[in-house]
Amino acid sequence: MRERIFQIVQHARPGDKVSHGYDIFIVAVAFLSIVPLMFRPQDMTPDVAAAMNMIDVVTVYILFLDYILRWMTHDIKTGKKGWRAFARYPFTPFAIIDLLAILPSLGVLPETFKFLRVLRVTKMFRYSKNLTIVANVFRAQRNTLLSVLAVALMYIFVSGLVMFVNEPDTFDNFFDALYWATTALTTVGYGDVYPVTDLGKFISMASSLFGIAIIALPAGIITGGFLEQIRQRDEDGEAYFRTSERKPFKGRTPFSYGSVRAYAKAHPKVVAYGVTMLACVLLNEALYFAAQALGTPVWLDTTGTALAAILLEPAAALIVGFANNLILAVQFGNAGNLLYYGLSAITALVYGIVFARGTRITLRSLGWAALFLVVGESLISTALSFSLAGGQLTTATEQLYGDVLAGWGVPGVLAVFGALLVDKLIDTAAVFVLVMGASRLVVGSRLDPARWFARRAAPAVAGAGEPVSEPAATPDASATGAPATPDAPVPDLASRYVLGIDVGGTHTKVGAFTAAGEHVVSRVFDSQRVLADGSHAQLSREIVPLLQQAGIGGRAVIGVGLAVPGAVASEESLKLCPHLDLDLRSYKAFLLDVFPKARVAVLNDADAAVLGDRWRGTSHDRQDENVAFVTLGTGVGAGIIARGRLFSGVHGAAGEFGHLCVNPDEEARCSCGKAGCLEQYASASGLVHHARAAFVAERGEAAADEALAAFPDARAVLDAAVQRDPAARDALERFSDALGFGLAQMACLVDPDVFVLGGGLSERADLYLDAVRSRYRACALSVCRDTPIVASSLGNECGVYGAAYRAFQELAKSAPGCVAEVDAIR
């Protein structure tokens, strides 16, 4: 859910109509929000004034919602996890500007600061690439421009001072002299102040001439910087980590479904979110108006917000609280109500973290909740009371509590705080009782949104668009077939199965394992294009025969490990997958449909390979804790285990070994967009390419078709190398040289106990392993020269074993006893 919000509020990719529409909408709202500034209060009729006020209220809420959505997804944008990513957002330049543009409409700044609302038009910089380039120019050239500005200011000061001393009758004060110097230097020259002496006129001419030179400098700097930014933008279009961003949006837009019913069937999770949030907003409003009508001492209008945090997540509750405050702001015609949104935000975060679904309520959790919900909110309300109402309490119950405390001799500020504290305590206790009662009734019932999260629709037919369901929620113990309690009997492991799927750039390998960890059967087939257009349905033609061969039913599969080429930032996000069109959501939708009882775990193919080798391969036999596993297939990747832990990096890109530069002079481009990568030499595709190039170089351009026939694939090149074919041996020599050099560079960073080679080419490692070791020893640091370089005993099956291993790990955590125990590789 948050990832789709991130895609919408950030720069729209080509083809993403929803995100483009959002961009246009926000820019239009930003311009509409400054329309009230064009009218003076004394010039407006009451109707026009009311309309302008409503425009101000609604637009400031929309802009603040944009602020909240960007804050909620800032960790996805930066790729950094944890609370620090959220804490940094308010201090970023755009966030500061957005907040300054919103504050004047809230009544916390004097009327003279209304001009800050004009800052809202800066949102155009987010959505216009050309304006972004202009901003980047000033950022990149800021030091040079500041130097020019310093020279100009110094000259203005000196010339103004000389003129002030020379013509005391012309300039009444030094500021007038500075004013004249500024207009003269910029060659504007209004003529309202001018020198009358000959020396003054001479200084004026010199200032004008010097001004021409000074003003021309920034223009040239900005122009040069603009051209540099244009060039940089073109290069960034091919940048290493942005290959996925260049691709158009491949998802299906909501307008393409034809009806609301079809969209709801395809996206049950979105519908569940929307319906639940709407119900929580209505609950908030109903309780608020009921409390207002009955004159109760509590308001209860954060009940729906808290319930949304428990049933959904804190991010959804933040939106519910925002909607509640928006309705009240429209009712009262005052955007200042947005200030109280902080109270809803605290409620959402506390209930979503402390009282989340399945969390045990303890005295400790109740204490923390009371601290934030009662004390924290009372402090905020006290500050707002003094800043907006001069310390006056607004409701009758608050005034009653305040009068009692004042009668006891409590000072004014403490009396206000105490009254609000008592009011919040009663209100919070009532909300807690309502929320806990409602959540107990909803969770597990037909109204529980989690029932919708787990629904899986069938894959769309070919050409129909995006997969018809979002990834299902993690199944519970009953869904995986695990025993309901630790005392339940352990099921027959031979009747349950786990699949390992290793998706390669050319071939996909599938292996079936019993739940006891025994390998049953494997199958290899050509990798399929899996896009959001239903093409994933073709996978059933390849995977279903494997199950039929082994006599395995779809419901007997309780776990699937999916190893994919590229950087897996999360199980929804795949980057750096240049050899294959792969939509991860579509692949998962297919697997969840074919295997309704299975838990699906996704990981990088090189990570899967090193896990498989460490589980059942060479490094397992050697008992090494520091392993660098290099996959040699269509591309080149690496999986790393350091001190028994799998290392994937912050963005899932650790081990993208194939894109290490081994030849800076190479002109041909790699699939990643750069040149000279190891993958261009030490992969199956690189081996074939260089064999064909050597064949053509030896026999001439006319032999290009003959080269294609002679070397159709890497297997043919290796067979020809055995027969001492010159072109094949030359390509294999390049392969060995680049691989040995790359491993030497890798040793400087990883320094493993062993290098293990896997992938399709590792099955013929005897043809090149000695040459790789020789090249490695020649290039490696002296302390690393003796690091063993071996081929995996599992050959090309490492990824299958590793994918299955990851599925075993996930099942062991969620349903102990339903699978065999696996070694702890963390």
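The following refers to the structure shown. Here the residue index of a chain counts from 1 through its sequence in written order. Residues qualify for local features only when their pLDDT is at least 70, as the model is predicted, and side-chain atom pairs are given and counted only at 80 or more; totals for whole chains, interfaces and linings, by contrast, use all residues. Only hydrogens and water are set aside when side-chain values are computed; all heavy atoms of the structure are taken into account.

1. Description of the pairing of strand 8 (residues 627–632)
Our working definition: The buried label goes to any residue with under 20% of its type's maximum accessible area, the exposed label to any with over 50%, and the partly exposed label to all in between, with areas taken from a 1.4 Å probe on protein chains only. Only DSSP runs of H or I covering at least 4 residues are called helices, and only runs of E covering at least 2 are called strands; the numbering of each starts at the N terminus. Two strands are said to pair when DSSP picks up at least two bridges between them.
Burial runs high along strand 8: six of the six residues are buried. Residue alternation in strand 8 divides its side chains into two sets, V627, F629 and T631 and A628, V630 and L632, and both sets are buried. Looking at chain direction, strand 8 and strand 9 (residues 636–642) are connected through six bridges and run antiparallel. Across the sheet, A628 pairs through a bridge with I640, a residue of strand 9. The turn linking strand 8 back onto strand 9 is made up of three residues. Pairing geometry for strand 8 and strand 11 (residues 754–758), over five bridges, is parallel. Among the inter-strand pairings, A628 is bridged to a residue of strand 11, identified as F755.

2. Quick notes on the packing of aromatic side chains
Stated formally: Any Phe, Tyr or Trp ring, taking Trp's six-membered ring, that has another such ring centre within 6.5 Å forms a pair; planes under 30 degrees apart are called stacked, those over 60 apart edge-to-face, and the others tilted. Sitting over a ring, as applied to charges here, requires NZ of Lys or CZ of Arg to be within 6 Å of the ring centre and within 35 degrees of the ring normal.
Under the defined criterion, the tally for this structure stands at 18 aromatic pairs. The structure contains a cluster of three or more aromatic residues connected by ring pairs, namely F513, W615, Y801, Y805 and F808. Its guanidinium or amino end placed over the ring of W615, R616 lies 4.1 Å from that ring's centre, counting from NZ or CZ.

3. Considerations on the side chain of D427
Worth spelling out the cut-off: In this tally, Lys and Arg are treated as positive and Asp and Glu as negative; His is ignored, and so are the chain termini. Each reported salt bridge corresponds to a side-chain nitrogen of Lys or Arg within 4 Å of a carboxyl oxygen of Asp or Glu. Here a polar contact is taken to be a pair of N or O atoms separated by no more than 3.5 Å, where protein atoms must pair a possible hydrogen donor with a possible acceptor and residues adjacent in sequence count only if both atoms sit in side chains. It only takes one pair of heavy atoms within 4.5 Å for two residues to be counted as in contact.
Topologically, D427 is positioned in helix 20 (residues 412–442). One buried charged residue, D427, forms no salt bridge at all, with the nearest opposite charge on K424 at 5.4 Å. Polar contacts involving the side chain of D427 include one to the main-chain amide nitrogen of L300, which spans 2.9 Å. Not counting the four nearest positions on each side in its chain, D427 is found in contact with V298, W299 and L300.

4. So, the nonpolar core
Applied cut-off: Throughout this description, the term nonpolar core refers to a set of buried Ala, Val, Leu, Ile, Met, Phe, Trp, Tyr and Cys residues connected via side-chain atoms within 4.5 Å.
The biggest cluster of nonpolar side chains holds 55 residues, and the ones touching the most others in it are F64, L338, Y341, Y351 and V435. In terms of residue count, helix 3 (residues 46–72) provides more of this core than any other element does, eight residues in total. Residues in contact with V435, not counting those within four places in the same chain, are T303, A306, L307, I310 and Y351.

5. Considering helix 16 (residues 314–332)
Definition in use: Expected span of a helix: the number of residues minus one, times 1.5 Å.
Between the first and last C-alpha of helix 16 there are 27 Å, a value that for 19 residues agrees with the 27 Å anticipated at 1.5 Å per step. All of the buried residues along helix 16 are A315, A316, A317, L318, V320, G321, F322, N324, N325, L328 and A329. Downstream of helix 16 by a residue or two, G333 has a phi angle that is positive, lying close to 65°.

6. Structural notes on the pairing of strand 2 (residues 507–514)
Among the eight residues in strand 2, seven count as buried, and that is most of the element. Strand direction decides the pairing type here: strand 1 (residues 497–503) and strand 2, joined by seven bridges, are antiparallel. Of the residues in strand 2, the one forming a bridge with V498 is F513. Between the antiparallel neighbours strand 1 and strand 2 lie three residues. Across seven bridges, the pairing between strand 2 and strand 3 (residues 519–526) is antiparallel. Bridging from a neighbouring strand, K509 pairs with V524 of strand 3. Where strand 2 folds back onto strand 3 in an antiparallel hairpin, the turn is made up of four residues, including G517, whose phi is positive at roughly 95°.

7. Considerations on a nonpolar patch on the surface
Selection criterion: Residues qualify for a patch when their relative accessible area is over 30% and they have no salt bridge, like charges being joined within 9 Å and the nonpolar side chains of Val, Leu, Ile, Met, Phe, Trp and Tyr within 5 Å. What sets the accessible areas is the Shrake-Rupley method with a 1.4 Å probe; for residues, cover comes only from the shown protein chains.
The grouping of V151, M154, F157, V158, L161, V162, V165 and F210 at the surface amounts to a nonpolar patch, some 670 Å² of accessible area in total. The element contributing the most residues to the nonpolar patch is helix 9 (residues 142–166), with seven residues. When you line up the elements, V151 lands in helix 9.

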